Amino acid sequence: MNKTNKLSNEEKNALYQLKRLAKKIEKHNELYHKNDSPIITDREFDILVKQNNLLEKKYPNLVIKNSPNKMTGGSISKKFEKSIHKLPMLSLANAFNEKDLIEFIARIKKFLNYGLEKKINFICEPKIDGLSINLYYKNGKLISASTRGDGKIGENVTNNILTIKDIPLILSGSNHPKEIEIRGEIFLNKKDFLIINDKLEDKYKFSNPRNAAAGSLRQLNTNITKTRPLKFLAHGIGAVSNNYDNLSTLYHNLKKWNIPFNNLIINSDSIKGMMTYYKKISDQRNNIEYDIDGIVFKINNIVLQNRLGFVGKNPRWAIALKFSAEKSKTVIKKIDFQVGRTGAITPVARLDVVNIGGVIVSNATLHNFDEIEKKDIRVGDLIEIQRAGDVIPQITKVIDKPATRGNKIIPPTNCPICDSKTVKEKEEAVLRCENIMGCEAQIVGRLKHFVGKKSLNIDGFGEKQILQLRKLGFIKNYIDIFKINKFEKKIINLEGWGRTSYRNLINSIEKSKEVEFNKFIYSLGIRFVGETISMLLAREFIKTEILISSLDKKIKLLNIDGLGPKAINSITSYFQNKNNKKIVCDLNKILKILPYQKSEYNNEFSGKNIVFTGALSKLSREEAKHIAIRLGAKILNSVTKKTDFLICGDKPGSKASKAKELNIKILSENEWISKTNA
C-alpha cells in the first residue's frame, strides 16, 4: 500500500501546498535578493510565506526541506565580492494578527519555562521596507559593508555605502567596542522615490521604493549610487566584542556614536501596549516619510535573546507583525490545471489583470477542487482576491455570478500532462496523477529540486534548460546530468546557448560534485525529508553507505529524535525501491559526498548521545534539547547501549532504570545546567 494512504486528505493537501509554496517563494526570493527585479512587492513576498507558516504551525511533522523558514535570503550576485558575516543575519518570522502575537509570546515563555503572568519587555519599532545591510566597524572605523545575501555570506557593497551621508565612516564619541556589526535598513523616502522614477524611462522605472533602494545600492558604478538620496536606520547588532545587557543600552550608544536609528521606537511589556502601538503606527503609516510594512517586536534583554537562540532562519525572540492585506475585484477568464512534483493537480484561475497596491496580478490559486466546489467558482465570475496567505493571490469570495458564467469545474479524470489516471486518496483533498515515474511534470519537478540551490546548487540549470535538454533526450534522470558533456556540440548550437553558457554550466556541474552529505540527502527529494531531517540523518549515519545499509534496521530511525513516523516510513519506502537505491549508489560513485563533520565544539557532550526524561523544572524540554544540539550532541528518544548521558527531571520512569542497568551516566537537571552553563 502506498505510504501516502496513511495521511489524511487534509495532511496530504497541506504537504502539497508546503512544497508548492516553497518553490514559488524560492523563485521570488532569488528575484528579490539577487536580481533586484522582483515581480511582486516586499509585502507580496511576505504574503507568500503566510500560508506556509500557518501550515507548518498546524502540521510540524510535514515541514519540508526547502521550507521558507529555513531560507534566510537569496544567492549571492556575481557582480560583487563575497563578504562573510561574523554572525548570521537572520530573517524575522511574521505574524498577521493579535492572536499570532499572543502565541509568539506564549511560545517564548514556554521555552524559557516562565509562568504566563511573568512580563517580558519588548522593543517595538516600525519595520522599514528596505534593503538589509551589515556594517562592520573595527576600532570605531567602518571596515566593510555587505548585504544580507543568503544570511551567512553577503555582497560587499562598501564602496557604495561610503556615498551614504547617514552612515559615519568613524564612530563618534568613545567607549565603542573594538569590533561590532551594526545591522539596519537602506531605504528611500517616498518623495525621493518619485523624483528618481520621474527621471527614468518607463522601462527602467522602479516598482516601489524598496526596489529603487536595492537597485541604487547595488550599482557597479558608485557614481550612480551617489546621486541617489539613500537613507539608513539601524535596528540591531550582529557580532560584537562587548557585552550588552539590553537593546535599550545599545540604542543609547548608537545615538552617542552618531548612528541613526528609528525615533518611533518604544518599550512595552504587555500585549495591550504592543497592539496599541501597532494600531497607532498603522494609522500614521501614510504620513510617515518612508515605507513600512509592519511592526517588529523583539525582546529587549540580550541574555534572554541568547537563551532563546533561533529556529530555522528565524530568531525565537523577535517577530514582525505585518499590516493587513489589500484586496481587489476582478473577473476569472480561464481556469487551468497545473501538475506539481508530487503529482498533485492544482487549479489556477487566470484573471483580468488587476493592480493591487502597485502589483500587477493576473493569477490566483484555487488550492484544490474541494475549494472550487465549496465557493462554486467558475469562469466569468466577478471575484474578490487578496494578496495574503498564498504563493499567488487567493480568491476570498465570489461577488457576482453572471448568467453567462461558465460550466461547473469538474476534477479531471486524467492528468493534463501525461493523460494517466488521477487518484484522490482517502480523506485527501488533493487530486494526484498516479503516474509517478512517467509523468513529465513530476519528472521535471524532481530534476529541478535535485539541481536547486538548496540541493546540488547547479547554477544556470533551471526549468527552461531542463525542459529543453529533456525534449532532446539528453537528460532522463539525475545521472544524465553528469554525462551532459557527451552532447557538447549539439548543446552549443542550440537556441539560447553558446560556448560560454555551455562552459559555465559544465563548470557548475563539476563544482556540484563535491556536496555535503546532508545536502545530498535533501537533493533526493524524499517525502517529508526536509533540511532539518536531512541534517539529522547525516549526523546519525555519517555517509551514504552506512545510511543505506542501516535502513534494514528500522529501529535506528525510530531512535533519532526529531524523526516522526511519516518521515521514517517515507525514508524506508524510498530506499526499498530498487531504482531509487541504484540511482543513489550510482550518484555516490559520481559525487564526492563529504561525510558529516562532527561538532567543532570541544566539550564533554560533543558527539555524544543524550536522552532526556522526566519533567524539567528550570528549563523547558525544548530549551534543554536546544542547548544539547548547540554543544554538538545527538538527541535520542530511547535509552540503548549507545546512550552516553541520561538527563533526568522529576519522575524519570523506566528510562532511568534502564540507564542504571546499562551503567549509563545519569545527570540531574541541576547538574546538566551546571555543566552546560545553561
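Everything numeric here is computed off the predicted structure, so don't read it as measured data.

Asks: For this particular structure, what's the right way to read the packing of helix α3 (residues 98-112) against helix α9 (residues 271-284)?
Replies: Relative orientation and spacing of two packed helices are given, respectively, by the angle between their axes and the distance between those axes. Put simply, α3 and α9 touch, their axes get as near as 11 Å, and they point 140 degrees apart. The orientation of α3 relative to α9 falls into the category oblique. The way α3 lies across α9 gives a crossing that is right-handed. Between α3 and α9, the contacting residues are Glu98, Leu101, Ile102 and Ile105 on the first element and Ile271, Met274 and Met275 on the second. Its residues assigned to classes, the contact of α3 with α9 shows 6 nonpolar, no polar and 1 charged.

Asks: Before we go on, may I ask you to explain the sheet that holds strand β7 (residues 179-187) in this structure?
Replies: Backbone hydrogen bonds hold the strands of a sheet together, and the pairing may be parallel or antiparallel. As summarised here, the arrangement of the 4 strands in space is β5-β4-β7-β8, forming an open sheet in which the pairing is antiparallel. Looking along the sheet, the strands with just one partner apiece sit at the ends: β5 (141-147) and β8 (231-240). Within this sheet the neighbouring strands show an average axis-to-axis angle of 30 degrees, counted without direction. Summarising the sheet, strand β4 (residues 131-138) and β7 pair through 8 bridges and their orientation is antiparallel. What sits directly across from Leu135, in β7, is Ile182. Strand contacts of helix α6 (residues 209-217): β4 and β7, with the helix running at about 45 degrees to β4, the strand carrying the most contacts.

Asks: Mind showing me how you'd approach the sheet that holds strand β24 (residues 634-635) here?
Replies: If you walk across this open sheet you meet the 4 strands as β24-β23-β25-β26, and the pairing is parallel. Whereas interior strands pair on both sides, the edge strands pair on one side only; in this sheet they are β24 and β26 (665-668). In the sheet, strand β23 (residues 609-613) pairs with β24 via 2 bridges, with the strands oriented parallel. Looking across to β24, one finds that Asn609 is bridged to Lys634. Where helix α24 (residues 654-661) meets the sheet, it contacts β23, β25 (645-648) and β26, and its direction lies at approximately 145 degrees from that of β25.

Asks: How should the packing of helix α21 (residues 565-576) against helix α22 (residues 578-590) be read in this particular structure?
Replies: Orientation of α21 relative to α22, taken along the N-to-C sense of each, is 85 degrees, at an axis distance of 5 Å. With respect to α22, the axis of α21 lies roughly perpendicular. Within the contact between the two elements, α21 uses Tyr574, Phe575 and Gln576 and α22 uses Lys578, Asn580, Lys581 and Val584. Among the residues forming the contact of α21 with α22, the class breakdown is 3 nonpolar, 2 polar and 2 charged.

What counts and what doesn't
Residues numbered from 1 in each chain as written. Predicted model: local features only at pLDDT ≥ 70, side-chain atom pairs only at ≥ 80, totals over all residues. Heavy atoms only, no water. Axes fitted to C-alpha atoms, helices over the stretch in contact; angles between N-to-C directions. Helix = DSSP H or I, 4+ residues; strand = E, 2+ residues; numbered from the N terminus. Parallel < 35°, antiparallel > 145°, perpendicular 65-115°, else oblique. Left-handed = near helix turned anticlockwise from the far one by under 90°. Contact = heavy atoms within 4.5 Å. Nonpolar A, V, L, I, M, F, W, Y, C, P; charged D, E, K, R; others polar. Pairing = 2+ DSSP bridges.

Just distances and angles here, no functional claims.
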